[in-house]
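Architecture at a glance
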Amino acid sequence: MTEAVEMLVVEDDPHDLALLRRAMRRASVDVGYDVASDGDEAVTWLERVLAMDSLPRVVLLDLKLPRRSGFDVLAWMKSHDKLRRIPVVIFTSSNVGTDLDRAYDLGANSYLVKPATPSDLVAMVAQIDSYWLGVNRIR
Amino acid sequence: VLSAALLALSTLAVIVGLNALRGGRSEVNRTTEIQRQAADLQTSLRAAETGQRGYLLTGLERYLSPYDKALVQIPRDYSNLTRSVRDPGQLRRLQFLRPFIEAKLAELAETVRLRERGLEPALRVVRTDVGQALTERIDAVLADFAAAEQALLVQRVEAEERIARRTTAAAGICGLLSILSALLGVYLIYQQRSSEQLIRYSRRLEREVEERTIRLSEANRELDAFAYTISHDLRAPLRAMHGYADALEEDEGERLSEEGLGFLRAIAAAAVRMNALIEDILAYARLAREDLVLRPQRLEAAVNRAHEDVLAGDLRGSEILIEDPLGTVMAHGPTLQQVIYNLLSNASKFVHSHQIARIKVSSKRCGDRIRLAVEDNGIGVAPEHRDQIFAPFSRLHGVESYPGTGIGLAIVRRGVERMGGACGLEPATGGGSRFWFELAAAPTEEQE
């Protein structure tokens, strides 16, 4: 846990995670990030960094997670005084309209469907970096 | 109630009939009595005459015994007879008879009185034939009376028979009515039972429908969960396969042989195909249970958008000719879009190799519907395959020659049917196929 942690990735699928790591290398996205592999772990992680007063710049959140779902984590964050301003980017394989509506209703800041090819994933990671993290870097 | 009323009515009819019959019986009995009394009167008159003659011949007092008895009996017989007779004609005959009887009795008394003086004075009276004439007259009237009474008897017997017949008929009708009422009762009871049974059946049916609806909604929920599982869990490993294959090619491609690169691309292509299959199955399953809200949809806009989508995924390209205007139909936007996309995609796909698909889209009004036809210059469909082609997973060609999941046309049919329409296939004039679907025209279309 370094102080340079700017992003929390909540992802349970090791393959998706492996391809995401590769895409970040390929896109030359040089940010410190930590990984939580289920909803409970994400909540524990956030509570810990909150206590240390070092909140991440963005949370990349999968929806279908073991134990506590992405929706629950999202709802918890958005109703939390100190955490609700952290941008949450939903990163899911679900292209079901109801999931999208529900995520935005709960306060999600972006909704991205996992791309089918690694090259598309590289492009998407580059976008996440420039949009959600780039502002911070300019400053 | 009706049955009881009928029974009471029939009973009443039987009682009335029996009373009439009894009345008829007593009439017949009276006639017989009158005839007997008339015979009695005649017998008494004869007895008086017989006694008188015996006395006249012998002059002996004891021969007068029948005469004396008869003298008492005759008025009694006569009065009995007049009391019995009711028929006006017969009464008149009796009144007519009375002076003759009295005259006869007077003649008899005269001769008996004269015999006390001697045989000759009495015989003188007898020889006047007055007595004989009176007897003949009396006999004639009594014969007349008896004949009339006989005629009356015949009438009364006939009347009785009529009554008997009527009573029999009444009894028969009563019996019939009773049977009918019994049948009616049985029918009503049966009817009641069957209506009770009907109520029982319909209650059972309601219960079953309710139970099935619950089971169906449970099944639907399960299907939703199943569909979600498929869309997420089944596609995750596919994404991994595809992703690793692409990543390997990008990262290490230079170190691989051409054959190795080919294998990698085959893995990726298989993953893409499987992903498309899952998408189509999901779309097909969704179509079965989603509520489709129908709104007016412009066919030209839908066709143009679908064609752009088809061109985006088709390297060979296709030419499309739209014979506008196509009109506006009542449809569920996304489903209509998918139906048209699948038809255009099919038309551009199933062409002879090294040929570019030429697609003609046209529409025509069929009553309150609009029929959209997509005609191609492709390989066509044999008549024996025209029905099976709309069934899910039916493929007429190998994946190698024509890619696809075999669900496209099943989605077309289910989609169109869920929107209240119909679809079909006929050979096109140029040797290709002509797929069509019909949907209700939009109300604005009606005004045009």
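Just above, that's the structure.
Every value quoted in this text rests on a predicted model; they were computed, and no experiment measured them.

A few words on the overall build of chain A. Helix and strand content of chain A: 5 helices and 5 strands. For chain A, the N- to C-terminal ordering of α and β elements is β-α-β-α-β-α-β-α-β-α. Out of the 139 residues in chain A, the part that is buried amounts to 50%. Residue pairs at least 24 apart in sequence account for 68% of intrachain contacts in chain A once pairs closer than 6 positions are excluded. As displayed, chain A offers around 6,900 Å² of accessible surface, 49% of which is attributable to carbon and sulfur atoms.

All names here are of chain A. For D62, the location among the structural elements is in the loop between β3 (58-61) and α3 (70-78). At 3.5 Å, the side chain of D62 forms a polar contact with the side chain of K114. Beyond its immediate sequence surroundings of up to four residues, D62 is in contact with V10, E11, D12, G70, F91, T92 and K114.

Moving on, we get to the interface of chain B and chain A. Each partner contributes residues to the interface: chain B has 15 residues there, and chain A has 19 residues. Between chain B and chain A, the buried area comes to about 1,600 Å², and carbon and sulfur atoms account for 48% of it. Its salt-bridge partner being D251 of chain B, residue R22 of chain A comes within 2.8 Å of it at the nearest N-O pair. Across the contact surface, chain B and chain A share 5 residue pairs in polar contact (both at pLDDT 80 or more). Broken down by element, the residue count for the side of chain B that touches chain A peaks at 14 residues, all from helix α5 (residues 130-252) of chain B. A class-by-class count of the residues in the side of chain B that touches chain A yields 5 nonpolar, 3 polar and 7 charged.

This paragraph deals with the sheet that holds β3 of chain A. Residue and element names in this part refer to chain A. Strands sit in the order β2-β1-β3-β4-β5 across an open sheet of 5 strands; the sheet is parallel. A strand with exactly one partner marks an edge of an open sheet, and here the two such strands are β2 (32-36) and β5 (110-113). The mean inter-strand angle of the sheet, taken between neighbouring strand axes irrespective of direction, is 20 degrees. Here 4 bridges tie strand β4 (residues 88-92) to β5, and the two strands are oriented parallel to one another. Bridging across to β5, T92 finds its partner in V113.

Turning to the side chain of Q90 of chain B, a few remarks are in order. All names here are of chain B. Summarising the element assignment, Q90 is placed in helix α3 (residues 88-115). From its side chain, Q90 meets the backbone oxygen of F145 in a polar contact 2.9 Å long. Of note is the side chain of Q90, whose polar atom sits 2.7 Å from the side chain of E149. The contact partners of Q90, leaving out residues within four places of it in the chain, are V85, F145, A148, E149 and L152.

In this section: the packing of helix α7 (residues 299-313) of chain B against helix α8 (residues 333-349) of chain B. Residues and elements named next belong to chain B. Interhelical geometry of α7 versus α8 gives an angle of 50 degrees and a closest axis separation of 9 Å. As the angle between them shows, α7 and α8 are arranged oblique. When you trace α7 past α8, the crossing you get is right-handed. When α7 is examined against α8, the residues L299, A302, V303, R305, A306, H307, D309 and V310 are found in contact with a partner set consisting of L336, Q337, I340, Y341, L344, S345 and S348.

Before going further, it helps to spend a moment on α3 of chain B. Under the 1.5 Å per step criterion, the end-to-end length of α3 of chain B is 41 Å for 28 residues, consistent within 8% with the ideal 40 Å. Maximal helix bending in α3 of chain B amounts to about 25 degrees, located at L97 of chain B; proline P99 of chain B follows within four positions.

It is worth spelling out empty space enclosed by the protein at this point. According to the stated counting rule, one finds 4 cavities of 30 Å³ or more in the structure shown. In terms of lining, the largest cavity is formed by D16, L19, F91, K114, P115, A116, T117, P118 and L121 of chain A together with R239 and G243 of chain B. Elements with a contribution of two residues or more to the lining of the largest cavity: α1 (14-26) and α5 (118-138) of chain A together with α5 of chain B. Here the residues of the lining of the largest cavity are counted per class, giving 6 nonpolar, 2 polar and 3 charged.

Moving on to the nonpolar core. What tends to happen in soluble globular proteins is that the nonpolar side chains get buried as a cluster. Membership of the largest hydrophobic core comes to 41 residues, with the highest contact counts inside it found for L299, L336, I340, L344 and F437 of chain B. Here the element with the most residues in this core is α8 of chain B; it accounts for 6 residues.

Here the focus is the pairing of β2 of chain A. Residue and element names in this part refer to chain A. Note: strand β1 (residues 5-10) against β2, 5 bridges, orientation parallel. What sits directly across from M7, in β2, is Y33. This β-α-β element, β1 to α1 to β2, shows right-handed connectivity.

A contiguous patch of negative charge on the surface is contributed by E206, E208, E210 and E211 of chain B. On the secondary structure map, E208 of chain B appears in helix α5.

Turning our attention to the packing of α3 of chain B against helix α4 (residues 119-127) of chain B. Residue and element names in this part refer to chain B. One way to put it is that α3 packs onto α4 with a least axis distance of 7 Å and a crossing angle of 160 degrees. Here α3 lies roughly antiparallel to α4, going by the angle between them. Taking contact as the criterion, the partners of T111, L114 and R115 in α3 are, on α4, L119, P121, A122, V125 and V126. In terms of residue class, the contact of α3 with α4 is built from 6 nonpolar, 1 polar and 1 charged.

To continue, consider the layout of surface pockets. In this structure, the second largest pocket spans a volume of roughly 370 Å³. Looking at the second largest pocket, it is lined by 15 residues, and the ones nearest its centre are K114 and A116 of chain A together with R235, N275 and E279 of chain B. Elements represented by at least two residues in the lining of the second largest pocket include exactly α5 and α6 (258-289) of chain B. The biggest single contributor to the lining of the second largest pocket is α6 of chain B, with 5 residues. Per-class residue counts for the lining of the second largest pocket are 7 nonpolar, 4 polar and 4 charged.

Here is what the cut-offs are and how they apply
Residues numbered from 1 in each chain as written. Chains lettered and ligands numbered in written order. Predicted model: local features only at pLDDT ≥ 70, side-chain atom pairs only at ≥ 80, totals over all residues. Heavy atoms only, no water. Helix = DSSP H or I, 4+ residues; strand = E, 2+ residues; numbered from the N terminus. Buried < 20%, exposed > 50% of the residue type's maximum accessible area, 1.4 Å probe, protein only. Contact = heavy atoms within 4.5 Å. Areas by Shrake-Rupley, 256 points an atom, 1.4 Å probe, with all protein chains shown as cover. Polar contact = N/O pair within 3.5 Å; in protein donor to acceptor, adjacent residues only side chain to side chain. Buried area = accessible area lost by both parts, 1.4 Å probe. Salt bridge = Lys/Arg side-chain N within 4 Å of Asp/Glu carboxyl O. Nonpolar A, V, L, I, M, F, W, Y, C, P; charged D, E, K, R; others polar. Pairing = 2+ DSSP bridges. Axes fitted to C-alpha atoms, helices over the stretch in contact; angles between N-to-C directions. Parallel < 35°, antiparallel > 145°, perpendicular 65-115°, else oblique. Left-handed = near helix turned anticlockwise from the far one by under 90°. Expected span 1.5 Å × (residues − 1). Bend = angle between axes of the 7 residues up to and from the residue. 1 Å grid on protein atoms, 1.4 Å probe; cavity = no way out; pocket = protein on both sides within 12 Å on 5 of 7 lines; lining within 4 Å. Points joined across faces, edges and corners; volume = space filled by probe spheres on them. Core = buried A, V, L, I, M, F, W, Y, C linked by side-chain atoms within 4.5 Å. Right-handed = clockwise from strand over helix to strand, strands pointing away. Patch = residues over 30% accessible without salt bridge, like charges linked within 9 Å, V, L, I, M, F, W, Y side chains within 5 Å. Lys, Arg positive; Asp, Glu negative; His and termini not counted. Charge placed at Lys NZ, Arg CZ, Asp CG, Glu CD.

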